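# Descriptive structure summary
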Amino acid sequence: MTANPTVALELDDIQAGALQPRPVPYTGVYQILRLDDRHAGRELLRRLIPYLNSVASFDPKVPVSLAVGLSFQGLKALGVPEESLATFPPEFQQGMAARAAELGDVGENAPEHWEKPLGSKDVHLVVAGLAPDAVLLEAAFRYALEALRDLSGVVPIWQLEVQSAADLRNMFGFADGISHPAVEGTGIPGTNPYEVPLKAGEFVLGYEDETYNLPPIPQPEVLGRNGTYAVFRKLHTRVAAFRQYLRQCAKDRAEEEWLAAKIVGRWRSGAPLALTPDKDDPELGADPKHNNAFMFGDDQRGLKCPFGAHVRRMNPRDSVVIGAVRLHRMIRRGTNYGQPLPPGVLEDDGADRGLLFAFVGAHLDRQFEFIQREWVNDGKFIGTPAEKDPLVSSSDGREFTIPNQPIRRHLKGLPAFVVNRGGEYCFIPGLRALRWLADLDT
Ligand code: HEM
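Residues numbered from 1 in each chain as written. Predicted model: local features only at pLDDT ≥ 70, side-chain atom pairs only at ≥ 80, totals over all residues. Heavy atoms only, no water.

## Some thoughts on the site of the ligand
Applicable threshold: Any residue with a non-hydrogen atom lying within 4 Å of a molecule or strand is treated as near it. Distance and chemistry together define a polar contact, namely a pair of N or O atoms within 3.5 Å, with one atom able to donate a hydrogen and the other to accept it when in protein, and with adjacent residues in sequence counting only for side-chain atoms on both sides. Numbering of helices and strands starts at the N terminus; helices are DSSP runs of H or I of at least 4 residues and strands are runs of E of at least 2. Residue polarity follows a fixed list, in which Ala, Val, Leu, Ile, Met, Phe, Trp, Tyr, Cys and Pro are nonpolar, Asp, Glu, Lys and Arg are charged, and the others, Gly among them, are polar.
Close to the ligand lie 26 residues; Gly177, Ile178, Ser179, His310 and Arg317 are nearest. Here Arg332 contributes a side-chain N or O atom positioned 2.9 Å from an oxygen atom of the ligand. Every element with two or more residues in the shell around the ligand is listed here: β5 (228–237), α12 (310–314), β8 (354–361) and α13 (364–376). Broken down by element, the residue count for the shell around the ligand peaks at three residues, all from α12. Tallied by class, the residues present in the shell around the ligand amount to 15 nonpolar, seven polar and four charged.

Right, here's the structure in full:
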């Protein structure tokens, strides 16, 4: 179907948590609920809706958001009619655990090793609260807790607290949350002035996407419109293994930092190799106007930023790759969980720490699943079929080529630095859709 490009985005209906950037610093909670009784589930939605902000009502000066997502099993548990359930895409209907082979969730990442209840049919509803500090979070999340009071058919089954580190770095010690796409019609700026804003239909259902079509949306229209999909994954990080590997491959600390930057594609400060290939530039790393203002056009040999570096794989920008980059973009909302491993420690302390990875986009198949399958776990698209993402792909014995002069550097035997402990695919309905769900009379 051809779209009407003049239609404006209904910002007052789209949940703020889907499109608004997270606060910096941040503290937050992800809570999973099981809906044992559809009437109690609907009552919970009715109670929560007044506290969910939309993109239009979100106040960037007080960036607090409470958002609600539902898995396919959750929609079923609410009593959504069969003919409506059948209109959701197959990968969403199957859920993340059933997509394990597609996602590379094998070996120690396989669903049978996931933290319970992740991967089970009990994961129904996810409430995510994010705020700049604990006081504001408590105020926002209190509503979610109060909404649960006296609802015996709704059971909290899992919770994860997330929090930015004091230095705002992720667990591997890198600045995070830098690169974001601009989305047409949202008024939320992107971070790369050289990237043309993406069509809204890439991130919100009911609008024209990058293929100039209106993609099919879940039915009835009131349920699908202004909704989107979110993927969350609890990614445990092996920080000691990362530090040990760098130590083992480098002759000194300076070379360790160089290797770490080549693996990620940015120095720890966030400064991109594309702009400062030879040394870190912390001022550039901390400058949001310039730290993402680049393309790879003048680096077609990968001498500045390797083709296989995490950020270049995840967003090849204008690099020559197999495929159309703009069809595989994502909004990310990753947050740290656990306590950082103290600086300099090379031994694993057994603590659970990592990234609660969160993807938002309207196309699970050609965005998240494609990226995970082709760009994280394969290397054909950049001409290195034997290589995977050196930072986040999750298998041992990996390889990574660093183009360099006079001779390239070839790293071997990279152990897994990231392990998936489980996750799920969620639908993030618009606010009208949530009311429709709350009013179901099936
Ligand atoms: C523990 C796991 C991960 C860590 C530590 C990590 C770390 C990072 C870092 C440090 C950056 C650069 C800063 C930024 O732009 O925010 C980045 C960028 C990015 N990551 Fe990850 N990441 C992880 C997992 C993933 C996964 C699983 C995906 C996709 C399936 C992904 C997709 C991206 C994308 C799309 C970008 C932005 C690329 C760009 O536009 O330049 N990341 N990540």
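## Quick word on the nonpolar core
Applicable threshold: Here the nonpolar core consists of buried residues drawn from Ala, Val, Leu, Ile, Met, Phe, Trp, Tyr and Cys, with membership extended through side-chain atoms lying within 4.5 Å. Exposed residues in this analysis have more than 50% of their type's maximum accessible area, buried residues have under 20%, and partly exposed residues fall in between, with area computed by a 1.4 Å probe over protein chains only.
By size, the foremost hydrophobic cluster in this structure holds 114 residues, and its most contacted members are Leu44, Phe92, Leu125, Phe242 and Leu437. Grouped together as the second largest cluster of nonpolar side chains are 16 residues, Leu9, Ala18, Leu198 and Tyr207 included.

## Quick notes on the coordination of the iron atom of the ligand
For clarity, the cut-off: A donor here means any N, O or S atom no more than 2.8 Å from the metal (3.2 Å for Na, K and Ca); water is not included, so a site may seem to lack partners.
Here the protein supplies the iron atom of the ligand with just one donor, His310 (NE2), and that contact is 2.1 Å long. Mapped onto the elements of the fold, His310 is located in helix α12.

## A short note on the packing of helix α2 (residues 38–48) against helix α7 (residues 134–148)
Applicable threshold: The angle between two axes is taken between their N-to-C directions and runs from 0 to 180 degrees, where each axis is a line fitted to C-alpha atoms and a helix contributes only its stretch in contact. Take the far helix as the reference: if the near one is turned anticlockwise from it by less than a right angle, the crossing is left-handed, and if turned clockwise, right-handed. Whether two residues are in contact is decided by their heavy atoms, any of which lying within 4.5 Å being enough.
Between α2 and α7, the least distance of the axes is 9 Å, while the angle of their chain directions is 145°. Seen along the crossing, α2 lies across α7 with a hand that is right-handed. Taken together, the residues of α7 that come into contact with α2 (itself represented by Leu44, Arg47 and Leu48) are Tyr143, Ala144, Glu146, Ala147 and Leu148. When its residues are assigned to classes, the contact of α2 with α7 shows six nonpolar, no polar and two charged.

## Observations regarding the side chain of Asn53
Assignment of secondary structure puts Asn53 in the loop between α2 and β2 (65–70). Side-chain polar atoms of Asn53 contact the backbone oxygen of Val64, separated by 2.9 Å. Residues within four places of Asn53 in sequence aside, it is in contact with Ile14, Gln15, Ala16, Phe58, Val64, Ser65 and Leu66.

## Examining the packing of aromatic side chains
Geometry of an aromatic ring pair is reported as the spacing of the ring centres plus the angle between the planes. The condition is simple: For this analysis, a ring pair means two rings from Phe, Tyr or Trp (six-membered ring only for Trp) whose centres lie within 6.5 Å, classed as stacked if their planes differ by under 30 degrees, edge-to-face if by over 60, and tilted for the remaining angles. A positively charged side chain is recorded as over a ring if its NZ (Lys) or CZ (Arg) lies within 6 Å of the ring centre. The angle to the ring normal must also be within 35 degrees.
In this structure the tally under the stated criterion is 16 aromatic pairs. Aromatic pair Phe368 and Tyr425: ring centres 6.2 Å apart, planes at 85°, arrangement edge-to-face. Taken together, the positions of Phe368 in helix α13 and Tyr425 in strand β11 (residues 418–428) put the pair 57 residues apart, joining distant regions of the chain. Residue classification places Tyr425 among the buried positions, given a relative accessible area of 0%. Over the face of the ring belonging to Phe296 we find Arg312, whose NZ or CZ atom lies 4.3 Å from the ring centre. The ring of Phe294 carries Arg317 above its face, with NZ or CZ at 3.8 Å from the centroid.

## Here we look at the pairing of β8
Here is the rule: One requirement defines pairing of two strands: DSSP has to find at least two bridges between them.
Across the eight residues of β8, seven count as buried, placing the element largely inside the fold. In the sheet, β5 pairs with β8 via eight bridges, with the strands oriented antiparallel. Residue pairing across strands places Arg233 opposite Phe357, the latter belonging to β8. In this sheet, β8 lies alongside strand β6 (residues 331–332) in antiparallel orientation, the contact comprising two bridges. In the strand pairing of β8, Arg332 is matched with Phe359.

## Quick notes on the confidence of the model for the protein
Interpreting fine coordinate detail is not advised for predicted regions of low pLDDT. Where we set the bar: Each residue carries a pLDDT score, the predictor's confidence in it, ranging from 0 to 100.
Averaged over all residues, the pLDDT of the protein equals 95, while 98% of them reach at least 70. Below pLDDT 50 for its whole length, residues 1–6 participates in six contacts with residues either more than four positions away or in separate chains.

## Details of unusual backbone geometry
Both trends apply: most residues other than glycine have a negative phi, and most peptide bonds are in trans. Cis geometry is adopted by the peptide bond preceding Pro220, which originates at Gln219 and carries an omega value of 5°. One can find Pro220 in the loop between β4 (154–163) and α8 (221–224). Following Gln405, the chain continues into Pro406 via a peptide bond in cis, with omega recorded as 5°. Position of Pro406 among the secondary structure elements: in the loop between β9 (398–402) and β10 (409–414). Phi is positive for Leu168, close to 60°, though the residue is something other than glycine. Structurally, Leu168 can be placed in the loop between β4 and α8. Despite not being glycine, Arg317 shows a phi value in the positive range, around 55°. Arg317 gets classed as buried once you look at its relative accessible area, which sits at 12%.

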